[in-house]
Amino acid sequence: EAGVTQFPSHSVIEKGQTVTLRCDPISGHDNLYWYRRVMGKEIKFLLHFVKESKQDESGMPNNRFLAERTGGTYSTLKVQPAELEDSGVYFCASSLGTGRLGEQFFGPGTRLTVL
Amino acid sequence: AQTVTQSQPEMSVQEAETVTLSCTYDTSESDYYLFWYKQPPSRQMILVIRQEAYKQQNATENRFSVNFQKAAKSFSLKISDSQLGDAAMYFCAYTRLNDMRFGAGTRLTVKP
């Protein structure tokens, strides 16, 4: 069974440009999460989808970040325009359920560098 | 807000020895879940062990075990008979239902 996949693995862009990150969850997992780890700091929650709906987007830093999950399958996270402080590793995770069923399986992450 | 603290940015252990990684958390909830995730270099995070707060018994997975002290809000990870493949970043995490709160991580080095 394929795990969570993310694309690209690395992205280097200039300040002011736009970048779109993609996450493909494990098939059948309704729950999809985005996290971010800024260098040396803790991994921070960004948002949570249940199918195509945003269940919780309290961690989204500002309106330059837009997440979508069309059809409840893969998800994209767009940063527009990118700023220097957006650099970090963006992780996606998926789970079958929440609570006791909520083991989250993580993707390898996308390392974003904004110059 | 729930916070998770890992006070050891780096730890090292001799191969075959035992090491304990510390984690404390802050919550006002009584029912929640705690996890230890491992991220080897250039590889994705994998779940090492999980503890449900309502269970008093400490979770164990082969060489990995936890010391869960609910009153003290402490959740340490013990790795016995350390192996070279245990070298990784270890993240402690807390969740109630949805979003997971992570600590800053502990980088474990295993010396041959």
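For the structure, check the block above.
Below is a short write-up of the structure.

### Side note on the environment of Leu112 of chain A
By secondary structure assignment, the location of Leu112 of chain A is in strand E11 (residues 110-114). In this structure, Leu112 of chain A is in contact with Ser11, Ile13, Val19, Asp86, Ser87, Gly88 and Tyr90 of chain A, ignoring residues within four places of it in sequence.

### Description of the interface of chain B and chain A
Contacts between the two partners involve 20 residues from chain B, matched on the other side by 20 residues from chain A. On the chain B side of the interface with chain A, the three residues burying the most area are Gln44, Asn98 and Phe102 of chain B, jointly 27% of the side's total. Applying the counting rule to chain B against chain A returns one salt bridge. Close ionic contact of Arg50 of chain B with Glu103 of chain A constitutes a salt bridge, the shortest N to O distance being 3.6 Å. Connecting chain B to chain A are four residue pairs in polar contact (both at pLDDT 80 or more). Taken together, the elements giving at least two residues each to the side of chain B that touches chain A come down to strand E5 (33-39), strand E6 (46-52), strand E10 (88-95) and strand E11 (100-102) of chain B. Partitioning the side of chain B that touches chain A into residue classes produces 11 nonpolar, four polar and five charged.

### Some details on the layout of surface pockets
Considering only enclosed or pocket space, the largest pocket measures out at about 520 Å³ in volume. Around the largest pocket, the lining is made up of 22 residues, and of these Val89, Phe91 and Arg111 of chain A together with Gln39 and Ser42 of chain B lie nearest the centre. Going through the elements one at a time, strand E9 (88-95) and E11 of chain A together with E10 of chain B are the ones with two or more residues in the lining of the largest pocket. With three residues, E9 of chain A is the single largest residue contributor to the lining of the largest pocket. Here the residues of the lining of the largest pocket sort into nine nonpolar, nine polar and four charged.

### What about the packing of aromatic side chains?
In this structure the tally under the stated criterion is 15 aromatic pairs over all chains. With a centroid separation of 5.3 Å and an interplanar angle of 65 degrees, the aromatic rings of Tyr25 of chain B and Tyr32 of chain B are classed as edge-to-face. Neither Tyr25 of chain B nor Tyr32 of chain B differs from the other in exposure class; each is buried. Ring-pair connections join several aromatic residues into one group, and the members of that group are Tyr33, Tyr35, Phe45 and Phe106 of chain A together with Phe35, Tyr37, Phe91 and Phe102 of chain B.

### Re the nonpolar core
Residues and elements named next belong to chain B. Among the nonpolar cores identified, the biggest contains 25 residues, and Tyr25, Trp36, Phe75, Leu77 and Tyr90 are the most heavily contacted of them. Those elements giving two or more residues to this core turn out to be strand E3 (19-21), E5, E6, strand E8 (64-69), strand E9 (74-79), E10 and strand E12 (106-111). Every residue in contact with Tyr90, bar those within four places of it in the chain, is listed here: Gln6, Leu21, Trp36, Tyr37, Lys38, Val48, Phe64, Leu77, Ile79, Gly105, Thr106 and Leu108.

### Notes on the state of the cysteines
Residues and elements named next belong to chain A. On inspection of all chains with the given rule, the structure shows two disulfides over all chains. Put simply, Cys23 and Cys92 are joined by a disulfide, and their sulfur atoms are 1.8 Å apart. Taking the torsion about the sulfur-sulfur bond, which here is approximately -60 degrees, the covalent link between Cys23 and Cys92 counts as left-handed. Taken together, the residues span a long stretch of sequence, with Cys23 in strand E3 (residues 19-24) and Cys92 in strand E9 at a distance of 69 residues. Assigned by exposure class, Cys23 and Cys92 land together as buried.

Conventions we followed
Residues numbered from 1 in each chain as written. Chains lettered and ligands numbered in written order. Predicted model: local features only at pLDDT ≥ 70, side-chain atom pairs only at ≥ 80, totals over all residues. Heavy atoms only, no water. Helix = DSSP H or I, 4+ residues; strand = E, 2+ residues; numbered from the N terminus. Contact = heavy atoms within 4.5 Å. Buried area = accessible area lost by both parts, 1.4 Å probe. Salt bridge = Lys/Arg side-chain N within 4 Å of Asp/Glu carboxyl O. Polar contact = N/O pair within 3.5 Å; in protein donor to acceptor, adjacent residues only side chain to side chain. Nonpolar A, V, L, I, M, F, W, Y, C, P; charged D, E, K, R; others polar. 1 Å grid on protein atoms, 1.4 Å probe; cavity = no way out; pocket = protein on both sides within 12 Å on 5 of 7 lines; lining within 4 Å. Points joined across faces, edges and corners; volume = space filled by probe spheres on them. Phe/Tyr/Trp six-rings, centres within 6.5 Å; stacked < 30°, edge-to-face > 60°. Buried < 20%, exposed > 50% of the residue type's maximum accessible area, 1.4 Å probe, protein only. Core = buried A, V, L, I, M, F, W, Y, C linked by side-chain atoms within 4.5 Å. Disulfide = S-S within 2.5 Å.

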